[in-house]
Amino acid sequence: MTDAHTTGTHGTGPFIAAIDQGTTSSRCIVFDKDGRIVSVDQKEHEQIFPKPGWVEHDATEIWENVQEVVAGAIVKAGITSADVKAIGITNQRETTLMWDKNTGEPVHNALVWQDTRTDALCKELGRNVGQDRFRRETGLPLASYFAGPKVRWLLDNVEGLRERAEAGDILFGTMDSWVIWNLTGGTDGGVHVTDVTNASRTLLMNLHTMAWDEKILSSIGIPAAVLPEIRSSAEVYGHAKGGILDGVPVASALGDQQAALFGQTCFAEGEAKSTYGTGTFMLMNTGGTPVNSYNGLLTTVGYQIGDKPPVYALEGSIAVTGSLVQWMRDQMGLIKSAAEIETLASSVEDNGGAYFVPAFSGLFAPYWRPDARGVITGLTRYVTKAHIARAVLEATAWQTREISDAMTKDSGVELTALKVDGGMTSNNLLMQTLADFLDAPVVRPMVAETTCLGAAYAAGLAVGFWPDTDALRANWRRAAEWTPRMDADTRAREYKSWLKAVERTMGWVEDEES
Ligand SMILES: Nc1ncnc2c1ncn2[C@@H]1O[C@H](COP(=O)(O)OP(=O)(O)O)[C@@H](O)[C@H]1O
Ligand SMILES: O=P(O)(O)OC[C@H](O)CO
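The following refers to the structure shown.

Thresholds, definitions, all that
Residues numbered from 1 in each chain as written. Chains lettered and ligands numbered in written order. Predicted model: local features only at pLDDT ≥ 70, side-chain atom pairs only at ≥ 80, totals over all residues. Heavy atoms only, no water. Helix = DSSP H or I, 4+ residues; strand = E, 2+ residues; numbered from the N terminus. Buried < 20%, exposed > 50% of the residue type's maximum accessible area, 1.4 Å probe, protein only. Contact = heavy atoms within 4.5 Å. Areas by Shrake-Rupley, 256 points an atom, 1.4 Å probe, with all protein chains shown as cover. Lys, Arg positive; Asp, Glu negative; His and termini not counted. Charge placed at Lys NZ, Arg CZ, Asp CG, Glu CD. Near = heavy atom within 4 Å. Polar contact = N/O pair within 3.5 Å; in protein donor to acceptor, adjacent residues only side chain to side chain. Nonpolar A, V, L, I, M, F, W, Y, C, P; charged D, E, K, R; others polar.

On to the overall build of the chain. The helix and strand tally for the chain stands at 16 helices and 24 strands. Counting only C-alpha atoms and orienting by the principal axes, one finds that the chain spans roughly 65 × 55 × 45 Å. Counting over 514 residues, the chain shows a buried share of 61%. Counting only contacts in the chain whose residues sit at least 6 apart along the sequence, the fraction spanning at least 24 positions is 73%. Total accessible area on the chain stands at roughly 19400 Å², and carbon and sulfur atoms take up 48% of it. Between the centroid of the 45 positive side chains of the chain and the centroid of its 65 negative side chains there is a distance of 4 Å.

Next up, the structure:
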């Protein structure tokens with residue numbers, strides 16, 4: 001397992017600690033009042049692939065890692081719990097866990113957001129209940145990506161679980177709920193809560209009332225007794241019990257993509273960010289009313305600060321971006337490190353006619369097609385591995401362009417600049433390609449850890465560490481900017497070829513296989 005240990009400039013206290021429980025790792029970052037990083041600790045966890053399309057995490061390992069990285073970050077910062085005014089939580093979204101509230105033991109590994117085992121169940125629910133109902137009430141298409149069908153799968157497949165759940169012994173939560181419950185005492189009085197952003201990814205929360213939707217619960221077949229209480233994203237849920245941060249208020253929870261929106265200070269309607277990690281997620285703040293999507297985006301909650309009204313967002317989710325680079329490294333052996341893809345792709349002028357659509361687990365936004373699978377198209381003898389490397393980077397940029405087009409159609413807002421963050425943004429060629437394909441500037445902030453920063457900001461607001469969102473805006477500083485250089489004809493021609501390549505992915509998996 002790889003661990004990252006970074007210690008930045010020490011500010012003067014007090015501080016806010018943020019925990020990011022992500023898909024590949026858990027990390028804890030301590031921030032000072034200027035939003036600067038004081039210390040970081042990070043630990044990866046095992047990715048479990050029991051069958052093709054199935055992805056699981058061991059939640060006990062994750063909770064152990066969380067405790068370790070929290071202690072690591074606090075020790076590296078050279079501070080104590082007295083210096084930490086609040087803890088914020090952010091997390092991989094949709095990943096679904098059920099555990100026994102009397103023992104604290106998970107009943108099964110967590111089912112990860114990428115897991116496609118509920119495809120058939122979603123089709124069945126679509127036939128019985130209707131796609132439109134889910135879209136209308138929850139803002140989401142009925143897809144295996146979301147938590148609700150995963151809960152139903154666990155209830156149907158773990159022996160005796162439904163009876164235990166109906167008897168009130170079992171709790172369900174996304175990773176925010178699991179971390180907060182454990183942090184606040186677990187079996188010794190842990191609080192069972194989630195926030196509006198995480199709840200908005202379950203297919204179970206009504207987007208208009210911000211409450212669990214009883215009709216949907218009964219149509220999926222989930223007993224209300226397992227559900228956490230839905231709270232705002234920034235308020236004190238409880239206090240840490242035991243551990244190095246004993247007594248510190250636990251004061252925020254946000255899904256990681258919403259946390260990045262918050263950390264990028266996209267507080268005004270029309271402001272958008274895109275985060276480039278394992279997958280890529282573009283979110284646009286749409287203000288106080290949910291905007292329906294007619295172009296394959298998700299309507300979701302952006303954040304809610306205490307008792308203020310919720311702020312909504314439109315989201316374009318791309319399942320495979322950074323993980324395609326990992327695939328080139330680990331499965332294909334064409335590069336030795338993720339960073340090497342830039343050197344390889346830069347050794348050629350263009351893609352040599354090749355297009356790579358990484359529909360490895362179907363296509364997410366804007367298509368939502370579980371039957372799609374990956375293709376490399378346009379191959380001739382001319383094409384080298386360098387052209388393929390270029391096509392890999394272009395795939396991320398074109399998928400962003402498709403989502404940006406859908407956002408403009410749904411919101412009426414033209415993208416004037418895109419704020420970016422995440423591991424892939426260290427790739428200059430990718431960032432330039434993105435500006436070229438979007439025909440808009442791409443800007444990266446000084447603090448690239450926007451996910452943790454957003455959770456820290458929300459926790460800090462909840463305890464009065466920062467007075468308001470204006471104070472947070474003042475901390476945002478630009479570190480780099482890429483401006484478009486591609487001529488309009490080339491862009492239009494290339495986009496057309498990309499869209500043709502996307503068509504080739506569809507319908508690969510026959511109904512019964514998917
Ligand atoms: N220089 C690079 N060029 C392209 N992709 C990169 C580069 N560096 C890292 N990545 C990709 O970024 C991802 C890691 O980013 P990160 O933001 O830490 O992801 P996550 O939070 O989803 O775990 C990996 O999938 C990796 O392949
Ligand atoms: O943990 P990440 O950064 O891969 O983010 C995962 C997303 O929250 C999935 O919806």
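Moving on, we get to the site of ligand 2. Close to ligand 2 lie G22, T23, Q92, R93, E94, W113, Y145, D256, Q257, T278 and F281. Between an oxygen atom of ligand 2 and a side-chain N or O atom of Y145, the distance comes to 2.7 Å. The fraction of the free accessible surface of ligand 2 (310 Å²) that becomes covered by protein chains is 89%. Of the residues contributing to the shell around ligand 2, the split by class is three nonpolar, five polar and three charged.

Relative to the helices and strands, L393 is located in helix α12 (residues 385-411). Classification of L393 as buried rests on a relative accessible area of 2%. Distance in space between the C-alpha atoms of L393 and P228 is 40 Å, their sequence separation being 165 residues. When sequence neighbours within four positions are dropped, the list of residues in contact with L393 reads I341, A345, N427, L429 and L430.

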